[in-house]
Amino acid sequence: MISIKEALKITFDHLLALNTIEIDLNRCLNHVLHQDILSNFPIPPFNKASSDGFALNFDDTSREYEIIENIGAGICPKNELRKGQCARIMSGAQVPSGTTHVIRFENCEVNENIMKILEFDQKTHIIPKGKYASKDELILEKGTWINPYHIGIIAELGFKKVLVNRSPKIGILATGSELIHVGEDIKKSKIFNSNTYLLSSLLDKISIPHIDFGIVKDDFSFIVEKIEDMQSQCDLLLVCGGASRGDFDWVNKALQNNGFEILFNRVAIKPGKPLTFGAKNNKIAFGLPGNPISNFVCFEIFIRPYLIECMKGHFKPLKIKGKLEKTITREKSKRPEFLPVYFENQQVKLISYSGPSHLLSLNHSNGLLKIEKGIKEIKKGSEVIIRLI
């Protein structure tokens, strides 16, 4: 049995080799940039009004100005403003040459073509050309995991397509003679297959394409056949269940039968100890525990970071500090343990949690609390770090 750190190192030493692709901007969410994004022009590209009002060449000897034009957003000014002149202007519009200030509508009055300043607040209400970014400035670095506001930024810079690292194609297989498909009539000694839906949703959340290979019963030949089919279509295999050491746990042997080298099959983590990792040329397989919380924890701690690293991204889990609401005690401390918890108002609240099969516990949690190896008690009021989920 190896440590979490050792397991992560082994997985990162066997990253998938994925090619780069150029894709449309509206399809690049949750991809990793394979290029630096530079500003091709200053942002903003011209001096622009930050408020609706009157652009003017301010003269502190006068409060009245002649209105010489009306400028809307997207309209290029026709005239240079001279002393005693102003132009009606809308927020976001380019200010005319000679403009020193924009006087907001509420601070002036108009009589025919004459604007009179009622109040002068000293602010220019002008956003200077290049205030946000200069030409050729680095905006987004290669390796950036693209989120929604990155897409808005890239669009503002005028890029229609971007170069990204291809996402791996994932295959999901659930094993277990006890499993039935969602929608079937429930039967004695059977349970619905939740793991496929859980993993599919976690992959959807980071826009990773995947194929559902259904359910296979605990039969060695059937599992071998399914894995053979999966590796012919996918870069990475997620096989749920059958990775432990029970009488019907055939996944490790089935992977080996298909040419995979098993690099580890037990990790010092709770829940999730019977985690398998195998490699074959440029194919990767994770054998996941059958219990859904174990499945979820293994995805968060191992699989999500692995996928992002494969795409040359930089994975950083979102963590936050809080005060523990109640004392935690546990009898065994040989492995680090991840507990579902609820974080609110700087407080870390324990929830009803009965172990790795208790999927409903996630309904009341928004984070994972890691209890380190050797720790049997964390006292109420202690400052702890939560990994948000």
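What counts, and at which threshold
- Residues numbered from 1 in each chain as written.
- Predicted model: local features only at pLDDT ≥ 70, side-chain atom pairs only at ≥ 80, totals over all residues.
- Heavy atoms only, no water.
- Pairing = 2+ DSSP bridges.
- Helix = DSSP H or I, 4+ residues; strand = E, 2+ residues; numbered from the N terminus.
- Axes fitted to C-alpha atoms, helices over the stretch in contact; angles between N-to-C directions.
- Buried < 20%, exposed > 50% of the residue type's maximum accessible area, 1.4 Å probe, protein only.
- Disulfide = S-S within 2.5 Å.
- Polar contact = N/O pair within 3.5 Å; in protein donor to acceptor, adjacent residues only side chain to side chain.
- Contact = heavy atoms within 4.5 Å.
- Phe/Tyr/Trp six-rings, centres within 6.5 Å; stacked < 30°, edge-to-face > 60°.
- Patch = residues over 30% accessible without salt bridge, like charges linked within 9 Å, V, L, I, M, F, W, Y side chains within 5 Å.
- Areas by Shrake-Rupley, 256 points an atom, 1.4 Å probe, with all protein chains shown as cover.
- Salt bridge = Lys/Arg side-chain N within 4 Å of Asp/Glu carboxyl O.

Draft legend 1. View of the sheet that holds strand 6 (residues 64–71). Spatial ordering of the open sheet is given by 8-5-7-6-10-9, a layout of 6 strands whose pairing is mixed. The open sheet has two free edges, formed respectively by strand 8 (101–104) and strand 9 (108–111), since each of these has just one partner strand. Within this sheet the neighbouring strands show an average axis-to-axis angle of 35 degrees, counted without direction. Across 4 bridges, the pairing between strand 9 and strand 10 (residues 114–117) is antiparallel. Residue pairing in the sheet places Val 110 in a bridge with Met 115 of strand 10.

Draft legend 2. Representation of the pairing of strand 24 (residues 337–344). Across the 8 residues of strand 24, 6 count as buried, placing the element largely inside the fold. Here strand 24 pairs with strand 25 (residues 347–350) via 4 bridges, running antiparallel. If you follow Glu 344 over to strand 25, its bridge partner there is Gln 347. Connecting the antiparallel pair strand 24 and strand 25 is a turn made up of 2 residues, with Asn 345 showing a positive phi of about 50 degrees.

Draft legend 3. Fine view of the sheet that holds strand 1 (residues 20–24). Taken together, 3 strands build an open sheet; the order of strands is 1-13-2 and the sheet is antiparallel. Where the open sheet ends on each side, the last strands, each with one partner, are strand 1 and strand 2 (32–33). When strand 1 meets strand 13 (residues 161–165), the two strands line up antiparallel, connected through 5 bridges. Bridging from a neighbouring strand, Asp 24 pairs with Lys 161 of strand 13.

Draft legend 4. Seen up close, the state of the cysteines. For the structure shown, the criterion picks out 0 disulfides. Distance from the sulfur of Cys 240, which forms no disulfide, to the nearest cysteine sulfur (Cys 298) is 10 Å. With no disulfide partner, Cys 310 has as its closest neighbouring cysteine sulfur the one in Cys 234, 14 Å distant. For Cys 310, a relative accessible area of 1% puts it in the buried group.

Draft legend 5. Inspection of the side chain of Asn 258 at higher detail. Within the secondary structure layout, Asn 258 lies in the loop between helix 5 (251–257) and strand 19 (261–264). At a separation of 3.1 Å, a polar atom in the side chain of Asn 258 contacts the main-chain carbonyl oxygen of Ala 254. Once residues lying within four places of it in the same chain are set aside, the contact partners of Asn 258 are Val 224, Ile 227, Glu 228, Gln 231 and Lys 280.

Draft legend 6. Here's a closer look at the packing of aromatic side chains. In this structure the tally under the stated criterion is 7 aromatic pairs. Among the aromatic residues, those joined into a cluster by ring pairs are Phe 264, Phe 277, Phe 286 and Tyr 306.

Draft legend 7. View of a nonpolar patch on the surface. A surface patch of nonpolar side chains, amounting to about 400 Å² of accessible area, comprises Val 182, Ile 186, Phe 192 and Tyr 197. Along the chain, Phe 192 turns up in strand 16 (residues 191–192). We classify Phe 192 as partly exposed; its relative accessible area is 35%.

Draft legend 8. Quick look at the pattern of salt bridges. What the rule picks out here adds up to 11 salt bridges. Across the salt bridge formed by Asp 24 and Lys 161, the nearest N and O atoms sit 2.6 Å from each other. With a gap of 137 residues between them, Asp 24 in strand 1 and Lys 161 in strand 13 connect regions that are remote in the sequence. Classification of Asp 24 by relative accessible area gives partly exposed; the value is 26%. Residue class for Lys 161 comes out partly exposed when judged on its relative accessible area of 38%. With a closest N to O distance of 2.9 Å, Glu 344 and Lys 349 form a salt bridge. For Glu 344, a relative accessible area of 31% translates into the label partly exposed.

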